[in-house]
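Coordinates in review
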Amino acid sequence: MTSSEFLDKLLPSYKEYYDLISENILPPFKAEAKFVSHVEQYFLVHSAKLSDIDSTEHLYFAAEENLSLEKLSDMAKLAWEDGLKDVVPYYGHRNSDVTVIVVCDSADEDVAANVKKIRYSKTYKFMIYGWSNFKLVVVDLKSGKVFSNGQGAETKGFIRKFMKKCSL
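Summary of the structure given here.

What counts and what doesn't
Residues numbered from 1 in each chain as written. Predicted model: local features only at pLDDT ≥ 70, side-chain atom pairs only at ≥ 80, totals over all residues. Heavy atoms only, no water. Helix = DSSP H or I, 4+ residues; strand = E, 2+ residues; numbered from the N terminus. Buried < 20%, exposed > 50% of the residue type's maximum accessible area, 1.4 Å probe, protein only. Areas by Shrake-Rupley, 256 points an atom, 1.4 Å probe, with all protein chains shown as cover. Lys, Arg positive; Asp, Glu negative; His and termini not counted. Charge placed at Lys NZ, Arg CZ, Asp CG, Glu CD. Pairing = 2+ DSSP bridges. Expected span 1.5 Å × (residues − 1). Arc of directions from axis to C-beta. Contact = heavy atoms within 4.5 Å. 1 Å grid on protein atoms, 1.4 Å probe; cavity = no way out; pocket = protein on both sides within 12 Å on 5 of 7 lines; lining within 4 Å. Points joined across faces, edges and corners; volume = space filled by probe spheres on them. Nonpolar A, V, L, I, M, F, W, Y, C, P; charged D, E, K, R; others polar.

**Describing the overall build of the chain**
- Scanning the chain for helices and strands turns up four helices and seven strands.
- Listed by position from the N terminus, the elements making up the chain come as α-β-β-β-α-β-α-β-β-β-α.
- Seen along its three principal axes, the alpha-carbon backbone of the chain occupies a region of about 55 × 30 × 30 Å.
- Out of the 168 residues in the chain, the part that is buried amounts to 45%.
- Surface summary for the chain: the accessible area is close to 9,900 Å², and the carbon and sulfur share equals 51%.
- Of the charged side chains in the chain, 22 are positive and 24 negative, and the gap between their average positions amounts to 6 Å.

**A short note on the pairing of strand 2 (residues 31-43)**
- Of the strand pairs in this sheet, strand 1 (residues 19-21) and strand 2 are connected by three bridges, and their pairing is antiparallel. Among the inter-strand pairings, Asp19 is bridged to a residue of strand 2, identified as Lys34.
- Connecting strand 2 to the next strand, strand 3 (residues 45-67), in antiparallel fashion are one residue, including Leu44 with a positive phi near 65°.

**With respect to the pairing of strand 7 (residues 145-148)**
- In this structure, strand 6 (residues 131-140) lies alongside strand 7, joined through four bridges in antiparallel fashion. Within the sheet, the bridge partner assigned to Val138 lies in strand 7 and is Phe147.
- Counted between consecutive antiparallel strands, the loop separating strand 6 from strand 7 contains four residues, among which Gly144 sits at a positive phi close to 75°.

**Brief notes about helix 4 (residues 153-165)**
- Taking 1.5 Å of rise per residue, the 13 residues of helix 4 would be expected to cover 18 Å, and the 19 Å separating its terminal C-alpha atoms lies within 8% of that figure.
- What helix 4 keeps buried is the set Thr155, Ile159, Phe162 and Met163. When helix 4 is viewed along its axis, its buried side chains cluster within an angular range of 100° and face the same direction. The exposed residues of helix 4 that point more than 90 degrees off its buried face are Glu154, Lys161, Lys164 and Lys165.
- Its buried side turned inward, helix 4 meets helix 1 (3-10), strand 4 (93-107), strand 6 and strand 7.
- Downstream of helix 4 by a residue or two, Ser167 has a phi angle that is positive, lying close to 55°.

**A few points about the layout of surface pockets**
- Taken as a whole, the largest pocket holds about 280 Å³ of empty space.
- As for the largest pocket, its lining consists of Ser13, Tyr14, Tyr17, Tyr18, Glu57, Leu59, Thr99, Lys135, Gln151, Glu154, Thr155 and Phe158.
- Going through the elements one at a time, strand 3 and helix 4 are the ones with two or more residues in the lining of the largest pocket.
- Among the elements that take part in the lining of the largest pocket, helix 4 stands out by supplying three residues, more than any other.
- Broken down by class, the residue content of the lining of the largest pocket amounts to five nonpolar, four polar and three charged.

The following block contains the structure:
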């Protein structure tokens, strides 16, 4: 199975909770998805608002034949900058996360060792106005392994379960 075929099988599993974006996708990514959550809490009546909480997540999907550390770093930086361009921090902003999932046919040896070192995070007004984290997951189809940075551990587990389901 090639990286593009794997990505085509993976994308529908995100469709239930994320809005898949099919137009104006940022190159070199093959697909994008977005999750937006807005929660309001009231005390008895709507005029007595207790809290207003916004949370967003931008996902970027890429399929590569051979992944180098330099290319991975460039994709991570590009996604981080693009994912944060629309963030408007305010008292009700909780978080705006950016996730990059790269599926590759094969990866250079230094990619596995350095995925954990690719990290970004940002706080807004000492976390009073929320934060942003960067999650990175790399799927190496040749070795059958999945690598992630610290923030991407949950997504890594999901991808591993998906690979078992697809019997890879």
